[in-house]
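Commentary on secondary and tertiary structure
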Amino acid sequence: MRALRILLITAVILGGLFVAADRLLLNYAESEAAEKVKARQGLSGKTEVSIAGFPFLTQVAGKELERVDVTVRGIEASADGHRVVITEMSAALHDVRLGADFSSATATTATGTARISYADLAAAADEDVTLAYGGNGKVKVTGSVGVLGRTISRSVVSTVSLVDADTIRVRADRVPGEGIPGLEDLIRGKTDFDRRISGLPQGMKLEKVQAEENGLVITVSGMNVPLAG
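Residues numbered from 1 in each chain as written. Predicted model: local features only at pLDDT ≥ 70, side-chain atom pairs only at ≥ 80, totals over all residues. Heavy atoms only, no water.

Topic: the overall build of the chain
Condition: Numbering of helices and strands runs from the N terminus; a helix is a DSSP stretch of H or I covering at least four residues, while a strand is a stretch of E covering at least two. Two residues form a contact once any of their heavy atoms are found within 4.5 Å. Areas reported as accessible are Shrake-Rupley estimates using a 1.4 Å probe. Residue values count occlusion only from the protein chains shown.
Each helix and strand in the chain was counted, giving four helices and 11 strands. Counting contacts in the chain only where the partners sit at least 6 residues apart, residues at least 24 apart contribute 52% of the total. When the accessible surface of the chain is split by element, carbon and sulfur atoms take 54% of a total near 12200 Å².

Rendered as structure tokens:
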């Protein structure tokens, strides 16, 4: 019985040491991975990486990670030449294959969401245009135009959609013409716009866009997404 107790105690101690070592190496790997992802993708914002699954060491030995979650804040993208900041992008990367020397990694599939604030989207629109949430999944767009020597400011409720898998389209549902010739066209010239988004992390593409209270939420996905190397 005494020998059995010693064996059990030894097993518990060794098991605890293994778990501690596994978690320590996991934390180090997550930190290193965040830096490699940031460098590989040319990102300027804060990057966080979380590696799922236990134990971590056996996944590394098999050179394949079940799932890696990546969150990047403050991505500087481009919208038809206009600088636009993606407030945050979170992605779940599945079946991440590690290179022979562990210096490269590629995710078989990736899904996630990206958020653009209305202030940042307005910066990518025309001058004198502001955007805000319009309720019911719509966007409120306000623009000013000059008519007969005076400035007229109008707000419209607009639908946001994704076209050609890379372009955000904003179109007013209705524009009040008020009987003034050409006023509707002038207002639409300010409030309606398309912006092609580029500069997302490599391998990621836009899938869907929807308006929410805190900004536009864009669904993104990817295949064979390079993380490092």
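Here's the deal with the pattern of salt bridges
Convention followed: Counted as salt bridges are all cases of a side-chain nitrogen of Lys or Arg within 4 Å of a carboxyl oxygen of Asp or Glu. The buried label goes to any residue with under 20% of its type's maximum accessible area, the exposed label to any with over 50%, and the partly exposed label to all in between, with areas taken from a 1.4 Å probe on protein chains only.
Overall, the coordinates contain 10 salt bridges when judged by the stated rule. Residues Glu48 and Arg73 are paired through a salt bridge, measuring 3.1 Å at the closest nitrogen-oxygen approach. Residue Glu48 is located in strand β1 (residues 46-51), and its partner Arg73 is located in strand β2 (residues 64-79); the two are separated by 25 residues in the primary sequence. Taking relative accessible area as the criterion, Arg73 reaches 31% and is therefore assigned partly exposed. Linking Glu184 and Arg188 is a salt bridge whose minimum nitrogen-to-oxygen distance equals 3.5 Å. Note that Glu184 and Arg188 are positioned in helix α4 (residues 183-191) at a spacing of four residues, about one turn of the helix. For Arg188, a relative accessible area of 23% corresponds to the partly exposed category.

Some words on the side chain of Thr142
Just so we agree on the cut-off: We call two N or O atoms a polar contact when they sit within 3.5 Å, provided that within protein one can donate a hydrogen and the other can accept it, with sequence-adjacent residues counted only if both atoms are side-chain atoms.
By secondary structure assignment, the location of Thr142 is in strand β6 (residues 138-147). Reaching out from Thr142, the side chain makes a polar contact with the side chain of Ser155 at a distance of 2.5 Å. Among residues more than four places away in sequence, those in contact with Thr142 are Asp128, Val129, Thr130, Ser153, Arg154 and Ser155.

Things to note about the nonpolar core
Heads up, the condition is: In this text, buried Ala, Val, Leu, Ile, Met, Phe, Trp, Tyr and Cys residues form a nonpolar core when linked through side-chain atoms within 4.5 Å. Source of the domain bounds: an automatic or database domain assignment.
Membership of the largest hydrophobic core comes to 52 residues, with the highest contact counts inside it found for Leu93, Val96, Leu131 and Leu216. Counting contributing residues, this core receives three or more from each of domain 1 (1-120 + 213-227) and domain 2 (121-196). Ignoring anything within four residues of it in the chain, the contact list for Leu131 reads Tyr118, Leu121, Ala122, Val139, Lys140, Val141 and Phe193.

Some thoughts on the environment of Val157
Within the secondary structure layout, Val157 lies in strand β7 (residues 150-163). Separated by 14 residues in sequence, Val157 and Arg171 place their C-alpha atoms 8.4 Å apart. Sequence-distant contacts of Val157, defined by excluding residues within four places in its chain, comprise Lys138, Val139, Arg171, Ala172, Asp173 and Arg174.

Notes on the pairing of strand β3 (residues 82-98)
Heads up, the condition is: Pairing between strands is defined by DSSP: at least two bridges between the two strands are required.
Strand direction decides the pairing type here: β2 and β3, joined by 14 bridges, are antiparallel. Each residue of the ladder has a partner; that of Leu65, found in β3, is Val96. In this antiparallel pair of consecutive strands, β2 and β3, the connection spans two residues, and Asp80 shows a positive phi of 50°. Two elements, β3 and strand β4 (residues 105-116), share 10 bridges in a ladder whose sense is antiparallel. Residue pairing across strands places Ser90 opposite Thr113, the latter belonging to β4.

Points about α4
So the rule is basically this: The arc in question is formed by the directions pointing from the helix axis toward the C-beta atoms.
Every buried residue of α4 is accounted for by Leu183, Ile187 and Thr191. Viewed end-on, α4 has its buried residues packed into an arc of 55°, placing them on one side of the element.

Description of the environment of Asp194
Along the chain, Asp194 falls in strand β9 (residues 193-198). On the basis of relative accessible area, Asp194 is assigned to the partly exposed category, the value being 23%. Each C-alpha atom of the pair Asp194 and Leu162 lies 9.3 Å from the other, and the pair is 32 residues apart in sequence. Discounting chain neighbours no more than four positions away, the residues touching Asp194 are Asp80, Thr167, Ile168, Arg169, Val170 and Arg171. For Asp194, the side chain forms a polar contact with the side chain of Arg169, separated by 2.9 Å. In this structure the side chain of Asp194 is engaged in a polar contact, spanning 3.1 Å, whose partner is the side chain of Arg171.

Focus on unusual backbone geometry
Although it is not a glycine, Asp164 adopts a positive phi angle of roughly 55°. Tracing the chain through its elements places Asp164 in the loop between β7 and β8 (167-172). Judged by its relative accessible area of 68%, Asp164 falls in the exposed class.

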